[in-house]
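The residues making up each chain are set out below.
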Amino acid sequence: ASPTDALHTVVLIPGDGIGPEISEAVKKVFAAARVPIQWEEHLISTKNVVPGQDLIPSTALDAIRRHGYGIKGPLETPIGKGHKSLNLTLRQALGLYANVRPCRTVPGIRTKFDHVDVVTIRENTEGEYVGLEHEVVPGVVESLKVITRSASERGARFAFEFARQNKRRRVTAVHKASVLKLSDGMFLECCRRTAKEYPDIEFREALIELCCGYLISQPQRYDVLVLTNLAGDIVSDLAAGLVGGLGLTASLNKGEHTVLAEAVHGTAPDIAGKDLANPTALLLSAVMMLREMNLHDHADRIERAIYTVIKEGKNLTGDLGGKARCSEYTRAIIDKL
Ligand code: ATP
Ligand code: MG
């Protein structure tokens, strides 16, 4: 094998708003840490779109399929122009069936609880997000939630495998099977059955409203949570809020052969282009991707540098109460490498 065989290519979609700035931070930190990857940048702009047309060019999708790895900044979905959400399009086109979001207390960030360490695993392909809504008669709409055994089993298995590989103790299936007896009932049943194959992992069940209540009163109860699509969307943001918000938490989408790291926050148009954005969420997402590539040493070093800078508190961005610019915070991380 030639040396270039070891060099992974990663597709980078900087995105809109603060996307280019936080992507720049990732590129700088990765270069300083000598991460053995090369970038293939795809500028997807939602600015000059034709109504109804695909927003994500097939060249970008093909590149992610071909290389297997991608990083995506926030994308703006033009409202009212007949476009499907870009994030949804990407997940469906690439078969990214599971979303992983670790929410862990960050030393130096003051929050209500000290020892939160929750990972949400969200089924990413179906549920309420199939987009099947219609108006039956004026004033009455129906919206379908689709739950399949295959996707539920795949999600459940992913959660237990994740727990085992990451040495987590417990998986909790979060559901509303008391009301949604067929749909959430089947999801829960799939989790129960899968749990039997993982005797080393403790399995629990939680009604979603009770889970939310406990998350904001006793978050230590939870370790890995596995959820259907909409429930996962909501609970993962809640969990992120517990540890300092969307600017700090990582997110990884996984498919059979594809990994897409993403920023979960939006485009932050109010601060875009001003060098004020906090790049931590995208950086930590990119670090998760490095672990998927088995580049654990690089991942550890970068992660340590980020957490050290945050803990020291001297170079924090505005959202964390500091005065540093995005570029200054980035420089501080590089200095720690
Ligand atoms: P979008 O429509 O793309 O979701 P938005 O208007 O909802 O954009 P968000 O990106 O969701 O805006 O941000 C909400 C608030 O949080 C804004 O005030 C924004 O400045 C702030 N914010 C979001 N992400 C970051 C970040 N990475 N660093 C600093 N502030 C951020
Ligand atoms: Mg938003």
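Just so you know, these numbers come straight off a predicted model, no measurement behind them. (Residues numbered from 1 in each chain as written. Chains lettered and ligands numbered in written order. Predicted model: local features only at pLDDT ≥ 70, side-chain atom pairs only at ≥ 80, totals over all residues.)

Colleague: Pulling in residues and values, what's your account of the overall build of the protein chain?
Modeller: Counting its secondary structure elements, the protein chain contains ten helices and twelve strands. What you see for the protein chain is a C-alpha radius of gyration of 20 Å, in line with the 20 Å of a compact globule of 337 residues. With the C-alpha coordinates aligned to their principal axes, the bounding extent of the protein chain is approximately 55 × 50 × 50 Å. Looking at the protein chain as a whole, 44% of its 337 residues qualify as buried. Long-range contacts, defined here as pairs at least 24 residues apart, represent 76% of the contacts in the protein chain between residues at least 6 apart. (Helix = DSSP H or I, 4+ residues; strand = E, 2+ residues; numbered from the N terminus. Rg over C-alpha atoms; globule rule 2.2 N^0.38 Å. Buried ≥ 20, exposed ≤ 12 C-beta atoms within 10 Å, placed from the backbone. Contact = placed C-beta atoms within 7 Å.)

Colleague: I'd like a description of the sheet that holds strand E5 (residues 117–123), backed by residues and values.
Modeller: Reading across the sheet, the ten strands line up as E2-E1-E3-E12-E11-E4-E5-E10-E8-E9 and stay open at both edges, with mixed pairing between neighbours. Strands at the two margins of the open sheet, each flanked by one partner only, are strand E2 (37–41) and strand E9 (202–207). Neighbour to neighbour, the strand axes of the sheet diverge by 25 degrees on average, direction disregarded. In this structure, strand E1 (residues 8–13) lies alongside strand E3 (residues 69–72), joined through three bridges in parallel fashion. Bridged to Ile13 within E3 is Lys72. Its contacts with the sheet put helix H4 (residues 149–165) on strand E4 (98–104), E5, strand E8 (170–175) and strand E10 (224–227), and the angle it makes with E5 is roughly 155 degrees. (Pairing = 2+ DSSP bridges. Axes fitted to C-alpha atoms, helices over the stretch in contact; angles between N-to-C directions.)

Colleague: Break down the site of ligand 1 for me, citing the residues and quoting the values.
Modeller: Taken together, 16 residues surround ligand 1, and among them His265, Gly266, Thr267, Ala268 and Asn278 come closest. The class makeup of the residues in the shell around ligand 1 is seven nonpolar, six polar and three charged. (Near = placed C-beta within 6 Å. Nonpolar A, V, L, I, M, F, W, Y, C, P; charged D, E, K, R; others polar.)

Colleague: Account for the pairing of E2, naming residues and giving values.
Modeller: Bridge count between E1 and E2: five bridges; the pairing is parallel. From the neighbouring strand, Leu12 faces E2, where its bridge partner is Glu41. In this region the chain leaves E1, passes through helix H1 (residues 19–32) and returns to the parallel neighbour E2; the handedness of that crossover is right-handed. (Right-handed = clockwise from strand over helix to strand, strands pointing away.)

Colleague: Please give an account of H4 that cites residues and values.
Modeller: For H4, which comprises 17 residues, the first-to-last C-alpha distance of 24 Å matches the rise-based estimate of 24 Å (1.5 Å per residue) to within 8%. Among all positions of H4, only Ala151, Ser152, Gly155, Ala156, Phe158, Ala159, Phe160 and Ala163 are buried. As for H4, its buried residues are in contact with E4, E5, E8, helix H5 (183–195) and E10. Immediately downstream of H4, the backbone of Lys167 shows phi near 55 degrees, a positive value. (Expected span 1.5 Å × (residues − 1).)

Colleague: With reference to specific residues and values, describe the packing of H1 against helix H10 (residues 326–336).
Modeller: Following both chains from N to C, one finds H1 and H10 inclined at 15 degrees, their axes separated by 10 Å at the closest point. As judged from the angle between their axes, H1 and H10 are roughly parallel. The two elements H1 and H10 meet at a crossing, and its hand is right-handed. When H1 is examined against H10, the residues Glu21, Ile22, Ala25, Lys28, Val29 and Ala32 are found in contact with a partner set consisting of Cys326, Thr330, Ile333 and Ile334. Looking at the contact of H1 with H10 residue by residue, the class counts come to seven nonpolar, one polar and two charged. (Parallel < 35°, antiparallel > 145°, perpendicular 65-115°, else oblique. Left-handed = near helix turned anticlockwise from the far one by under 90°.)

Colleague: Give me the pairing of E9: which residues, what numbers.
Modeller: Sheet analysis places E8 next to E9, joined by six bridges and oriented parallel. By the bridge assignment for E9, Thr172 is matched with Arg204. Where the polypeptide runs from E8 across H5 and back to E9, its parallel neighbour, the crossover connection is right-handed.

Colleague: Please give an account of the environment of Lys27 that cites residues and values.
Modeller: Take Lys27: it is sitting in helix H1. A tally of 17 C-beta atoms within 10 Å means that Lys27 is categorised as partly exposed. Taking the C-alpha atoms as reference points, Lys27 and Val136, 109 residues apart in sequence, are found 50 Å from one another.

Colleague: Give me the packing of H4 against H5: which residues, what numbers.
Modeller: It is the contact of H4 with H5, at a shortest axis distance of 9 Å, that shows an interaxial angle of 45 degrees. Here H4 is positioned oblique relative to H5, judged by the angle of their axes. Note that H4 runs across H5; the crossing there is right-handed. In this structure, H4 contributes Arg149, Ser152, Glu153, Ala156, Arg157 and Phe160 to the contact, and H5 contributes Met186, Phe187, Cys190, Cys191, Thr194 and Ala195.

Colleague: Tell me about the environment of Gly15, residues and numbers included.
Modeller: With respect to the helices and strands, the residue Gly15 is situated in the loop between E1 and H1. For Gly15, a count of 26 C-beta atoms within 10 Å corresponds to the buried category. Residues Gly15 and Gly266, 251 residues apart in the sequence, show an inter-C-alpha distance of 10.0 Å. When residues no more than four places from it in sequence are discounted, the contact partners of Gly15 are Lys72, Gly73, Pro74, Leu75 and Thr267.

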